[in-house]
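Residue-level structural notes
Spelled out, the chains give:
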Amino acid sequence: MSLTTIILAAGKSTRMNSLKSKLSFKILGKPIIEHVVKIGCQISSKKIICVLNKPTETYEDILKKNNVVITYQKNPRGTAEAVQVALKAKQHEPNNTVLILYGDVPFISKKTLTSLISKTKRNDMCILTAVLNNPFGYGRIIRSNKKIVEIIEEKDANLEIKKINEINAGIICIKEGVLRKYLKLVKNKNKQREYYLTDLVSLLSNNKHKVASYRTRDILEITGINTKEDLILLEKKKMIEKANKLLKKGVLIRDINRIDIRGNLKTKTDVEIDINCVFEDEVSLGQNTIIGQNCYLNRCKIGNNVHIKPNTIIFGATIGDGCVIGPYARIRPGTVIKNNVQVGNFVEIKNSTINEGTKINHLSYVGDALLGKDVNLGAGTITCNFDGDKKHKTIIESGSFIGSGTELVAPIKIKKGSYVAAGSTLTKDTVGEGSLTIARSKQVTVKNWKNRINKGKK
């Protein structure tokens with residue numbers, strides 16, 4: 001049985017009070033729509049079709065990157081009409097099943113959808129439902145002899161129906177032949193004058209088709225986003241959920257309300273995370289690693305027994321075992337730091353490899369460089385890697401000592417065991433083992449300079 005996924009995303013986002021679509025707002029580090037597209041890909045959809053209300057540059061590239069077919073519902077008149085628009089973008093496949101998702105419901109799980117799809121094999125249609133203590137705003141599930149016979153929307157419900165707490169989560173799975181047959185029979189006889197997709201339930205029930213349901217107990221996975229308040233509340237709940245899972249696994253999180261896990265955080269044993277840390281994309285933390293307060297980690301791998309000190313940024317880098325990084329360090333993409341390296345306060349490293357035992361402890365910039373083992377960079381050392389046109393490489397071989405305030409103008413090689421005097425500006429390679437290179441301008445002292453200045457002011 002093949003599967004087509006339709007993502008309904010033609011809403012106008014008016015309640016967001018923004019000039020851009022709500023689907024382009026980020027939640028857990030990614031645009032809302034990207035979460036939905038990702039789950040469509042994970043369940044092995046043969047085709048994914050997304051219905052928009054108009055072309056948009058803000059996230060159409062995400063759709064195209066994932067081979068999503070884009071269609072437009074220019075004058076939205078309900079979800080049933082939106083599905084009709086989507087079906088025009090594909091040929092009729094009698095043995096196909098259609099899964100209908102919503103672009104503003106980002107956290108529906110693969111497990112739930114797999115169960116929904118599986119149940120549709122034995123039925124003509126399966127609806128995702130949930131039981132809520134406060135079902136306000138949702139369509140209510142109407143049953144007769146335990147079988148679903150109708151869904152009534154909140155705005156069309158009387159007081160008795162509003163007491164029902166089993167709700168329609170909106171997500172359905174249905175056989176394509178059945179969908180096409182009955183979709184054209186949906187009418188707009190309701191207060192909104194819209195064509196409701198949920199009217200399919202009564203149509204199928206009245207015509208002796210099998211309508212099943214699958215109930216989820218995870219309310220967060222069916223929660224939609226209509227306002228910015230919805231966005232931040234849902235994101236916060238998901239992040240606390242992630243933090244609690246890590247806490248139960250043994251990660252010491254100092255405050256689950258002050259940690260932002262916006263991506264996928266993998267940890268080994270005895271990891272400790274202080275307050276106000278942000279983790280985005282894919283991040284892994286090795287055994288016995290400590291993350292100090294106010295750190296930002298994005299797409300990086302941290303080894304065992306590492307101490308990331310407060311206010312450090314690590315993005316797109318790999319940190320080996322036994323390293324000490326920070327405080328206030330910035331490690332940029334393309335950087336590989338090997339074992340037992342020390343990187344201190346206000347050090348920036350970009351696209352460089354730093355080998356074992358090297359120390360860069362203060363106020364330095366290292367870009368497009370290769371540093372050997374046991375190198376010592378004094379405070380304020382700078383690799384001058386950009387000449388205004390191209391980036392050039394600096395190589396500092398093992399055992400070298402670079403004095404404070406040194407500028408290394410690339411391309412340049414500091415050969416093994418070299419010493420460079422503080423305050424030097426080097427433009428040529430050093431000799432090597434045991435040599436000292438000094439490259440300073442001549443020091444000149446002008447006597448009575450103050451008197452000359454004062455004389456000029458008279």
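Note: the structure precedes this text.
The notes below deal with the structure included here. In this text the structure is predicted, and so the values were computed from the model without any measurement.

What counts and how
Residues numbered from 1 in each chain as written. Predicted model: local features only at pLDDT ≥ 70, side-chain atom pairs only at ≥ 80, totals over all residues. Heavy atoms only, no water. Helix = DSSP H or I, 4+ residues; strand = E, 2+ residues; numbered from the N terminus. Buried < 20%, exposed > 50% of the residue type's maximum accessible area, 1.4 Å probe, protein only. Lys, Arg positive; Asp, Glu negative; His and termini not counted. Salt bridge = Lys/Arg side-chain N within 4 Å of Asp/Glu carboxyl O. Polar contact = N/O pair within 3.5 Å; in protein donor to acceptor, adjacent residues only side chain to side chain. Contact = heavy atoms within 4.5 Å. Axes fitted to C-alpha atoms, helices over the stretch in contact; angles between N-to-C directions. Parallel < 35°, antiparallel > 145°, perpendicular 65-115°, else oblique. Nonpolar A, V, L, I, M, F, W, Y, C, P; charged D, E, K, R; others polar. Left-handed = near helix turned anticlockwise from the far one by under 90°. 1 Å grid on protein atoms, 1.4 Å probe; cavity = no way out; pocket = protein on both sides within 12 Å on 5 of 7 lines; lining within 4 Å. Points joined across faces, edges and corners; volume = space filled by probe spheres on them.

**Points about the side chain of Glu-235**
- Structurally, the position occupied by Glu-235 is in helix 8 (residues 228-249).
- Despite being buried, Glu-235 has no salt bridge partner; Arg-262 is the closest side chain of opposite charge, sitting 4.7 Å away.
- At 2.7 Å, the side chain of Glu-235 and the backbone nitrogen of Leu-28 are in polar contact.
- Filtering out sequence-adjacent residues up to four positions away, Glu-235 remains in contact with Lys-26, Ile-27, Leu-28 and Gly-29.

**Thoughts on the packing of helix 6 (residues 176-183) against helix 7 (residues 199-206)**
- Packing of helix 6 against helix 7 leaves a shortest axis separation of 10 Å and a crossing angle of 100 degrees. Regarding the angle of helix 6 to helix 7, the classification is roughly perpendicular. Residues Val-178, Leu-179, Tyr-182 and Leu-183 of helix 6 lie in contact with helix 7, whose contacting residues are Leu-200, Leu-203 and Leu-204.
- Tallied by class, the residues present in the contact of helix 6 with helix 7 amount to seven nonpolar, no polar and no charged.

**Structural notes on the packing of helix 3 (residues 79-87) against helix 6**
- It is at 11 Å that the axes of helix 3 and helix 6 come closest, and there the two elements cross at 125 degrees. Between helix 3 and helix 6, the angle is such that the two are oblique. Considering how the two elements wind past one another, helix 3 and helix 6 form a crossing that is left-handed. Side by side, helix 3 and helix 6 meet where Ala-80, Val-83, Gln-84 and Leu-87 of the first sit next to Leu-179, Arg-180 and Leu-183 of the second.
- Within the contact of helix 3 with helix 6, the residues separate by chemical class into five nonpolar, one polar and one charged.

**A closer look at the layout of surface pockets**
- Of the pockets and cavities examined, the second largest pocket occupies roughly 870 Å³.
- What lines the second largest pocket is a set of 29 residues, and nearest its centre among them are Leu-28, Lys-38, Lys-238, Lys-242 and Gly-263.
- Those elements that provide at least two residues to the lining of the second largest pocket are helix 1 (32-42), helix 4 (110-120), helix 8, strand 14 (264-267) and strand 16 (277-285).
- Of all the elements, helix 8 adds the most residues to the lining of the second largest pocket, at six residues.
- For the lining of the second largest pocket, the class distribution of residues is eight nonpolar, six polar and 15 charged.

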